Amino acid sequence: MGSASNPLVTSSVVDDSPLPSNLNQDDLKKLAAYKAVEYVKSGMVVGLGTGSTAKHAVARISELLRQGKLRDIIGIPTSTTTHEQAVSLGIPLSDLDSHPVVDLSIDGADEVDPALNLVKGRGGSLLREKMVEGASKKFVVIVDESKLVKHLGGSGLAVPVEVVPFCCDFTRGKLEELFREAGCKAKLRVKSGGETAAVTDNGNFVVDLYLERDMGDLEAASEAILRLPGVVEHGMFLGIATTLIVAGKSGVTVKDRFG
Ligand SMILES: O=C[C@H](O)[C@H](O)[C@H](O)COP(=O)(O)O
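Computed from a predicted structure; not experimentally measured. (Residues numbered from 1 in each chain as written. Predicted model: local features only at pLDDT ≥ 70, side-chain atom pairs only at ≥ 80, totals over all residues.)

S.K.: I keep staring at the environment of L104 and nothing clicks. Help me out?
M.R.: Among the structural elements, L104 can be located in strand β4 (residues 102-107). When the C-alpha atoms of L104 and F139 are compared, they prove to be 5.7 Å apart, with 35 residues separating the residues in sequence. (Helix = DSSP H or I, 4+ residues; strand = E, 2+ residues; numbered from the N terminus.)

And the structure:
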């Protein structure tokens, strides 16, 4: 069955029996994560995502390893936080230098559009995530239904851009200028409760782009951002996700992207 919104995406309802109404958002995240871990097979190199959804997948992989239902998994963490979680759970780890091809990655997202383009990085881990997930043969995105948007930036929350600390206000201004027609406000991310800049795992800062309107051609927007000196990477993941698992009150849905 083809998706009404995008011919490259097929949709299949895995389990459309209504879920208990008392499930909260974290329960839905866990459902999506557990479904994704069914794709993990013994012997795989697995990209381990970051965030409140991905952490359920990491925990589930460790549980299956302990039970002997999975063997010989090598995890590639996408952040220091996930590295610490995986170490604490005893998952063997490596990196892209030693394992440049990843069989499967599982990660959450902040926004997902109908073509399975994503916004990621509201937790600050976009660069390592894009490196690991871009090197993956299969990238399964796991979300609860609140993350689905008609167009990227459409949730009204930020599209993050990782920038070098040097003259970050200059880069912030250039980013705002780039998307002026989309009503962009670019803000340097600060630590919660503080006034100092939030620092990524790579020692960089993050500029959050808040857009009032659709930014238009995503590939063109991506290229324009990456052309700015001072920008390291942005949180739009275009054409990288191969599979989307969405958990909602009405069930769990899997979508695959072809092409
Ligand atoms: O930097 C953070 C990552 O991109 C997360 O995967 C993303 O923010 C989604 O996180 P959560 O599952 O906590 O909503």
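S.K.: Which parts of the structure should I look at to understand the pairing of strand β3 (residues 74-77)?
M.R.: Within a regular beta strand, the side chains point alternately toward one face of the sheet and then the other, so they alternate between its two faces. Note that strand β2 (residues 45-48) and β3 share four bridges and pair parallel. Note on β3: the bridge partner recorded for G47 is I76. (Pairing = 2+ DSSP bridges.)

S.K.: I would appreciate a short explanation of the sheet that holds strand β10 (residues 205-210) in the present structure.
M.R.: Strands in a sheet are paired, the pairing made by backbone hydrogen bonds, and the direction either parallel or antiparallel. Pairing is antiparallel in the open sheet, where four strands are placed in the order β9-β10-β8-β11. Two strands close off the open sheet at either side, each with one partner strand: β9 (185-188) and β11 (231-234). Each strand of the sheet is rotated relative to its neighbour by a mean of 25°, with strand direction disregarded. Its contacts with the sheet place helix α6 (residues 218-227) against β8 (159-163) and β11, and it is angled at close to 155° to β11. (Axes fitted to C-alpha atoms, helices over the stretch in contact; angles between N-to-C directions. Contact = placed C-beta atoms within 7 Å.)

S.K.: What is the right way to read the sheet that holds strand β12 (residues 236-237) from this model?
M.R.: With antiparallel pairing, three strands are arranged side by side in an open sheet as β5-β6-β12. The open sheet is flanked by β5 (111-112) and β12, the only strands paired with a single partner. Here two bridges tie β5 to strand β6 (residues 118-119), and the two strands are oriented antiparallel to one another. Paired with E111 across the strands is V119, a residue of β6.

S.K.: Is there a simple way to explain the pairing of β2 in this structure?
M.R.: Going residue by residue along β2, you find V45 and G47 tucked away on one face and V46 and L48 tucked away on the opposite face as well. This β-α-β element, β2 to helix α2 (residues 54-66) to β3, shows right-handed connectivity. One ladder, built from three bridges, connects β2 with β4; its direction is parallel. By the bridge assignment for β4, G47 is matched with S105. (Buried ≥ 20, exposed ≤ 12 C-beta atoms within 10 Å, placed from the backbone. Right-handed = clockwise from strand over helix to strand, strands pointing away.)

S.K.: How should I be thinking about the site of the ligand in this particular structure?
M.R.: Around the ligand, the structure places 18 residues, and the nearest of them are G51, S52, T53, G108 and G123. Within the shell around the ligand, the residues separate by chemical class into three nonpolar, ten polar and five charged. (Near = placed C-beta within 6 Å. Nonpolar A, V, L, I, M, F, W, Y, C, P; charged D, E, K, R; others polar.)

S.K.: Explain the domain arrangement of the chain to me, please; I cannot follow it from the model alone.
M.R.: Note: interface size is frequently given as the accessible area lost on complex formation between the parts. Domain boundaries in the chain define domain 1 (9-147 + 238-251 + 253-257) and domain 2 (159-232). Computed over C-alpha atoms, the centres of domain 1 and domain 2 are 26 Å apart. Examining the composition of the side of domain 1 that touches domain 2, we find that three residues originate from one element, helix α4 (residues 126-134), more than from any other. (Domains from an automatic or database assignment.)

S.K.: Mind showing me how you'd approach helix α3 (residues 80-88) here?
M.R.: Given 3.6 residues to a turn, an α-helix orients residues that are three or four positions apart in the same direction. For α3, every residue scored as buried is listed here: T82, H83, Q85 and A86. Mapping the buried residues of α3 onto a view down its axis gives an arc of 165°, with all of them on the same face. Facing away from the buried side of α3, by more than 90 degrees, are the exposed residues E84 and S88. Those residues of α3 that are buried lie in contact with β2, α2 and β3. After α3 finishes, the residue G90 shows a positive phi value of roughly 75°. (Arc of directions from axis to C-beta.)

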